[in-house]
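Chains, contacts and geometry: an overview
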Amino acid sequence: MFRELAHFARHAPATLRLKRRLGQGALYDHLCARQDGLGLATWRAALCGDLRGRVVEIGAGTGLMFAHYPADAAVTAVEPDDGFAAIAGPRRAAAAATIAVARGTAEALPLPDASQDAAVFGLVLCSVGAPAAALAEVRRVVRPGGAVRLLEHVRSPRPVAGALMRAANPLWRALNGQGCNMHRDPLPDLAAAGLTVERVEAFQVYAPGLPAFPLRAIWARVP
Ligand SMILES: C[S@@+](CC[C@H](N)C(=O)[O-])C[C@H]1O[C@@H](n2cnc3c(N)ncnc32)[C@H](O)[C@@H]1O
């Protein structure tokens, strides 16, 4: 916990200066590219590299997941924020997979029932207004047996660190300005939505400018 706090305190001033210069989308993209370079991209590839057929990526942001889909995936990338989607454009064109960016939200996916072979969340359930509604939508649009993959930061499972994250969440929300919460845990939500969790990997990335939250790569399935 002390290492995480020291990391945050060391980098927060520079990040706040950067936040004043860049827009929200450009700031996120800049910081997350550092995180990708320090190992997160390997987890993105592990989660998406075997997905084929119709895939919905929910909250696609600036398109940092696009490079990791194989050529035979046809991805609908749903994103509500036009600023993020504008940065995703060039990445869409450079990807091996066919990717269409669609405006929409996790809680009301613009897709028919059972129309997708897989769904992907990359650092999204932390900021979705209603995670249970988002997962109910995944159950609706992904066919039975389809894959659900998540890359999420979570509340620490350690009691003191977890309680601190819960207490500090209002301050964190005010700092990040994009509705991100640091005290969520998607696993109970996945179970409540009736999704089968098959594999969970825990890891951390110490990237300059971003908190070293506990991260999870999650492989789940629609029963
Ligand atoms: C931290 S960014 C992650 C972007 C990208 N998925 C990635 O892996 O880098 C969170 C994204 O979730 C999107 N988002 C927030 N609320 C959402 C919602 N209710 N439905 C869909 N996307 C949402 C934001 O606009 C933003 O693009």
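Model, not experiment: these values are computed from the prediction. Chains are numbered independently. Their residues run from 1 in the order of the written sequence. Side-chain atom pairs in this predicted model are given and counted only at pLDDT of 80 or more, local residue features only at pLDDT of at least 70, and totals for whole chains, interfaces and linings cover all residues.

All right, on to the overall build of the chain then. Working definition: helices are DSSP H or I runs of at least four residues, strands are E runs of at least two. Numbering for both runs from the N terminus. Within the chain one finds six helices and seven strands. Secondary structure of the chain in N-to-C order comes out as α-α-β-β-α-β-β-α-β-α-α-β-β. For the radius of gyration, the atoms used are the C-alpha atoms, and the globule rule reads 2.2 Å times the number of residues raised to 0.38. By the compact-globule yardstick of 17 Å for 223 residues, the chain fits well, its C-alpha radius of gyration being 17 Å. Seen through its C-alpha atoms, the chain measures out along the principal axes to roughly 45 × 40 × 25 Å. As a rule, residues whose C-beta atom has 12 or fewer other C-beta atoms within 10 Å are exposed, those with 20 or more are buried, and those in between are partly exposed; C-beta atoms are placed from the backbone. With 223 residues in all, the chain has 37% of them scored as buried. Residue pairs at least 24 apart in sequence account for 68% of intrachain contacts in the chain once pairs closer than 6 positions are excluded. For every residue pair, C-beta atoms are placed from the backbone, and the pair is scored as a contact if these atoms sit within 7 Å.

Below, the discussion takes up unusual backbone geometry. At alanine 114, a residue that is not glycine, the phi angle is positive and equals roughly 50°. Tracing the backbone shows alanine 114 in the loop between β3 (98-103) and β4 (116-122). Among the residues examined, alanine 114 registers 14 C-beta atoms within 10 Å and is labelled partly exposed. A positive phi angle is found at leucine 123, which is not glycine, with a value near 60°. Its location among the elements puts leucine 123 in the loop between β4 and α4 (131-141). Its 22 C-beta neighbours within 10 Å are what place leucine 123 among the buried residues.

For the rest of this paragraph, the subject is the site of the ligand. Contact assignment follows one rule, namely that a residue is near a molecule or strand if its backbone-placed C-beta atom lies within 6 Å of it. What surrounds the ligand is a group of 21 residues, the closest being Gly59, Gly61, Asp81, Ala106 and Gly122. Any residue that is not Ala, Val, Leu, Ile, Met, Phe, Trp, Tyr, Cys, Pro, Asp, Glu, Lys or Arg is counted as polar, Gly included; the first ten are nonpolar and the last four charged. Within the shell around the ligand, the residues separate by chemical class into 12 nonpolar, six polar and three charged.

With that settled, consider α4. Among the residues making up α4, those that are buried are Pro131, Ala134, Leu135, Glu137, Val138 and Val141. Projected down its long axis, α4 carries its buried residues within an arc of 150°, all on one side. Buried positions along α4 lie against β1 (53-58), β4, β5 (142-153) and α6 (186-192). Comment: arc refers to directions from the helix axis out to C-beta atoms.

Judged by pairing direction, the sheet is mixed, and its seven strands sit side by side in the order β3-β2-β1-β4-β5-β7-β6 without closing on themselves. Since the sheet does not close on itself, it has two edges, and those belong to β3 and β6 (196-203), each with one partner. Sheet twist, expressed as the mean angle between neighbouring strand axes with direction ignored, is 15°. Pairs of strands are assigned from DSSP output, requiring at least two bridges between the strands. Relative to strand β7 (residues 215-221), β6 runs antiparallel, the two being bridged by seven bridges. Under this scheme, a helix contributes an axis fitted over its contacting stretch, all axes are lines through C-alpha atoms, and angles between N-to-C directions fall in the 0 to 180 degree range.

Time to look at the packing of helix α2 (residues 24-48) against helix α3 (residues 82-94). With their axes 8 Å apart at the nearest point, α2 and α3 run at an angle of 50° to one another. Considering their axes alone, α2 and α3 lie oblique with respect to each other. Crossing handedness for the pair α2 and α3: right-handed. Here α2 contributes Gln24, Gly25, Ala26 and Asp29 to the contact with α3, which in turn contributes Gly83, Phe84 and Ile87. Looking at the contact of α2 with α3 residue by residue, the classes come out as three nonpolar, three polar and one charged. Each angle receives one of four descriptions, namely roughly parallel if under 35 degrees, roughly antiparallel if over 145, roughly perpendicular if within 65 to 115, and oblique otherwise. By convention, the crossing between two helices is left-handed when the near helix turns anticlockwise from the far helix through less than a right angle, and right-handed when the turn is clockwise.

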